[in-house]
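Overview (structure and organization)
The primary structure of each chain is shown beneath.
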Amino acid sequence: MDMTDRGKNYNKTYSKESQKKGYGETKMKRIGMLTSGGDCQSLNATMRGVVKGLHQLVPGGVEIYGFENGYKGLIYGNYRKLSGKDFSGILTTGGTILGTSRQPFKLMRVPDENGLDKVEAMKSTYAYLKLDCLVVLGGNGSQKTANLLREEGLNVVALPKTIDNDLWGTDMTFGFQSAVDLATHDIDCIHTTAASHNRVFIVELMGHKVGWVTLHAGIAGGADIILIPEIPYDIRNVVGALERRKEQGKGFSILAVAEGAISKEDAALSKKEYKEKLKKRTYPTVGYELAAEIEDMTDFEVRVTVPGHTQRGGQPCPFDRVISSRLGVKAAELIATEQYGLMVAMKGFEITTTPLEKVAGKLKYVTPDSDIVKQAKHLGISFGD
Ligand code: F6P
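Described in the following lines is the structure provided in the data block. (Residues numbered from 1 in each chain as written. Predicted model: local features only at pLDDT ≥ 70, side-chain atom pairs only at ≥ 80, totals over all residues. Heavy atoms only, no water.)

When the terminal C-alpha atoms of helix α13 (residues 318-336) are compared, their 27 Å separation across 19 residues agrees well with the 27 Å that a helix rising 1.5 Å per residue should span. Trailing α13 by a residue or two, E338 shows a phi angle of about 55°, which is positive. (Helix = DSSP H or I, 4+ residues; strand = E, 2+ residues; numbered from the N terminus. Expected span 1.5 Å × (residues − 1).)

Encoded structure:
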């Protein structure tokens, strides 16, 4: 390069440092970002990691466009240009500064009430803003849409968000540990009142299809029975476990129950039959149904606690802050080196990537014969099976 060709900012945009890193790109990168699906505590921490990483790793500088309320913002062009200031001080702030929404994948190809083609609309917004990449923070459904946009030719980098930890292709999702910490705290609080009153307590936790939160919080909280969707229960086995505790002189018991826990007979029904049966359920949730069944079959006094969305609120736990920062920086590295079509993932404690097309549409279930379930059973915990 002729010395006179060097731009006045040469030492900044093409420094020895950036050449060493191999990120010799001097072009400004325009990055779109959105948070989609159920929120969790460390969405902001993750976005902060992405943006801080980009400022470090893209010598040409970046412009960040935040889409409001998930894919809706991308479809309808609701976005705002964000600066570094927007991402400072949010490491410990729950929720998402961009807002989120659920835009079910199965409706993405269905025109909206005005006949708008949502996929074409998302592609148009991306092109209009001349984006180099779209960063998606989302769970299972959101990753399916991210993969669809990849197939449509957009540069996409995704990050694994959900309290459920049910995303395939990563050992851990950000938001999971924070939810487990909160759910465990709820069980801890119930322990003292259950013991004082010699009651059976059902703590019903989040997890419609997958029981990771309930499994971890149940073990951490010392629950006596853990019921999760992947291991259908027989109410007689649940009652038997309670009776055995009573025979051992234990005046109280704690059940950690996933909102998607299901009996063996219901698990044997077809999806259609089970949906019909749920419509006729006279109890608001499975926890209340279990309480009624246990009281019918025993002389135990039973109470139910449902922490609900508190499991998704408040500050991210330190563990999540660390993995969110690391996952976010990894996403920045992918963008700086123009590696797209990937979801950033965790394998053990290492940060890696999984191709989006392998993630989309798959759930990571608790396997009934896994080590953690076997070890829980060897602790004397009943799964009602
Ligand atoms: O996917 C996360 C999750 O919190 C599930 O555990 C829960 O069943 C669901 O979202 C609740 O969805 P919503 O926030 O739309 O009520």
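Another point: the site of the ligand. Neighbouring the ligand are the residues R102, I163, D164, M206, G207, H208, E259, H309 and R312. One nitrogen or oxygen atom from the main chain of G207 is found 3.5 Å from an oxygen atom belonging to the ligand. Between the ligand and H309, the relevant distance is 3.0 Å, taken from an oxygen atom to a side-chain nitrogen or oxygen of the residue. For the ligand, whose free accessible area comes to 400 Å², the fraction covered by protein is 72%. Classifying every residue of the shell around the ligand by side-chain character gives two nonpolar, three polar and four charged. (Near = heavy atom within 4 Å. Polar contact = N/O pair within 3.5 Å; in protein donor to acceptor, adjacent residues only side chain to side chain. Areas by Shrake-Rupley, 256 points an atom, 1.4 Å probe, with all protein chains shown as cover. Nonpolar A, V, L, I, M, F, W, Y, C, P; charged D, E, K, R; others polar.)

Here we come to the state of the cysteines. This structure, assessed with the given rule, holds zero disulfides. C40 supplies the cysteine sulfur nearest to C317, a cysteine that is in no disulfide, at a spacing of 10 Å. (Disulfide = S-S within 2.5 Å.)

Counted under the stated rule, the structure contains 20 salt bridges. Taking the shortest distance from any N to any O, the salt bridge between R312 and D39 comes out at 2.8 Å. Placement of the pair is R312 in the loop between β9 (302-305) and α13 and D39 in the loop between β1 (29-35) and α3 (43-57), with a sequence separation of 273 residues. When its relative accessible area of 22% is taken as the criterion, D39 is described as partly exposed. The structure contains a network of salt bridges with shared partners spanning R109, E120, K123 and E152. (Salt bridge = Lys/Arg side-chain N within 4 Å of Asp/Glu carboxyl O. Buried < 20%, exposed > 50% of the residue type's maximum accessible area, 1.4 Å probe, protein only.)

On to the sheet that holds strand β4 (residues 133-138), then. The strand order across the open sheet built from seven strands is β3-β2-β1-β4-β5-β10-β11, with neighbouring strands paired in mixed fashion. Of all the strands in the sheet, the pair left with one neighbour each is β3 (79-82) and β11 (350-355). Each neighbouring strand pair of the sheet contributes to a mean axis angle of 30°, computed without reference to strand direction. Here strand β10 (residues 342-347) pairs with β11 via six bridges, running antiparallel. Bridge pairing in β11 links L342 to P355. Where helix α6 (residues 140-151) meets the sheet, it contacts β4, β5 (156-160) and β10, and its direction lies at approximately 170° from that of β5. Strands in contact with α13 are β1, β4, β5, β10 and β11; relative to β10, the strand with the most contacts, it is inclined by about 140°. (Pairing = 2+ DSSP bridges. Axes fitted to C-alpha atoms, helices over the stretch in contact; angles between N-to-C directions. Contact = heavy atoms within 4.5 Å.)

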